[in-house]
Amino acid sequence: MPDLLKVKDLKIAFQGSDESIEVVHSIDFSVSGGGETVAILGESGSGKSVTCLSLTNLLPPAPSCTVSGEILFAGQDILKMDAKALRQIRGAGIAYIFQEPSASLNPVFTVGYQIEEAVRLHRPDLSDAKARTVELLELVGIRDAAQRYRAYPHEMSGGMQQRVMIAMALACEPKLLVADEPTTALDVTIQAQIIDLLRELRSKLGMSIVLITHNFGIVKGFADEVLVMYQGDIVERGPVETVLSAPQHPYTKALIACIPKLGAKQHRLTTIDHEMAASQ
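Residues numbered from 1 in each chain as written. Predicted model: local features only at pLDDT ≥ 70, side-chain atom pairs only at ≥ 80, totals over all residues. Heavy atoms only, no water.

### A few points about the nonpolar core
Membership of the largest hydrophobic core comes to 53 residues, with the highest contact counts inside it found for Ile166, Phe216 and Val219. Looking at which element gives the most residues to this core, the answer is helix α7 (residues 158-170), with seven residues. Ignoring sequence-local partners within four residues, the contact set of Phe216 consists of Leu41, Val226, Val228, Val243, Leu244, Thr252, Leu255, Ile256 and Ile259. Grouped together as the second largest cluster of nonpolar side chains are 31 residues, Val50, Leu55, Cys65 and Ile89 included. (Core = buried A, V, L, I, M, F, W, Y, C linked by side-chain atoms within 4.5 Å. Buried < 20%, exposed > 50% of the residue type's maximum accessible area, 1.4 Å probe, protein only. Helix = DSSP H or I, 4+ residues; strand = E, 2+ residues; numbered from the N terminus. Contact = heavy atoms within 4.5 Å.)

Given below as structure tokens:
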């Protein structure tokens, strides 16, 4: 399967008060079309989220932020696109879901209105946007979708709100879904439900996924490849099973050690020496 997304020599820097600070250092990765899932793992501040925002040029413009390298989506360089071309890619080509659905949904509009707005914007060919919205709510597993169409965000649980955000992301039938910490604000049971839903939608729609997370526990059995980011670099990459069973980098080993194991004797978490980890 050819590459749907190919990132080459990506560098991201933010302008500080005195100097430019580079937060992502010459990284490369790719995602194939047709349902491949690539997970990018790392702690807060490792560069995961700014990398994902750069994929559709959503970071602040220069000089506040400078992005260099190549981000090729279906053979087109995102970083060379004008505003009109980017609008065609955002939503229809690459869509996002984020970790805080309550912060992404507007509290004064119904969830149906908000999804339908995305449908009308990107699918003007549809004669009945409301019917499509109800279909999307049903697709993501929301019961009584026609009634839930009229609900406000505060009338729904966190898991239901996240399903609404997934429905909104699917409104334009994207080829690539970027899920940035989609389960962080949810309890463990709901986390599993959201991951199962994404797995089901990936299979049904043939959609590729980039999963941003700090949790190795949710990628096993879901992602095909894992990239481990540390201080703006990709320090380890490979098939999920290989990385989980035989991690090479000390930072990867520390992340895996954080996964709770039922019945395992408790130990102090590994402390990472930054200079040692960076030198590996």
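The rest of the description comes next.
### Here's the deal with the pattern of salt bridges
Evaluation of the coordinates by the stated rule reveals nine salt bridges. Two residues, Arg132 and Glu135, come together in a salt bridge whose shortest N-O distance is 3.3 Å. Here Arg132 and its partner Glu135 are both found in helix α5 (residues 129-139), three residues apart, which amounts to about one turn of the helix. For Arg132, a relative accessible area of 17% corresponds to the buried category. Between Glu200 and Lys204 there is a salt bridge, with its nearest N and O atoms 3.7 Å apart. Linking Glu200 with Lys204, this pair stays in helix α8 (residues 188-205), spanning four residues, or about one helical turn. Look at Lys204 and you get exposed, because its relative accessible area is 52%. Within the structure, one salt-bridge network assembled from shared partners comprises Arg123, Asp125, Arg132, Glu135 and Glu173. (Salt bridge = Lys/Arg side-chain N within 4 Å of Asp/Glu carboxyl O.)

### Some remarks on unusual backbone geometry
That bond from Ala62 to Pro63 is cis: its omega, 10 degrees, falls within 30 degrees of zero. Following the sequence through the fold, Pro63 ends up in the loop between α1 (48-54) and β4 (65-73). Within the chain, Asp9 stands out as a residue other than glycine whose phi angle is a positive 50 degrees. Along the chain, the position of Asp9 falls in strand β1 (residues 3-15). Looking at Asp9, the relative accessible area reads 38%, which means it is partly exposed. The backbone of Ala74 sits at a positive phi, close to 50 degrees, despite the residue not being glycine. Examined against the element boundaries, Ala74 turns out to sit in the loop between β4 and β5 (76-77).

### Quick look at the side chain of Thr213
For Thr213, the location among the structural elements is in strand β8 (residues 208-213). There is a polar contact of 3.0 Å between the side chain of Thr213 and the backbone nitrogen of Asn215. Sequence-distant contacts of Thr213, that is, excluding residues within four places in its chain, are made with Ile40, Leu41, Gly42, Lys48, Glu181, Ile218 and Val219. (Polar contact = N/O pair within 3.5 Å; in protein donor to acceptor, adjacent residues only side chain to side chain.)

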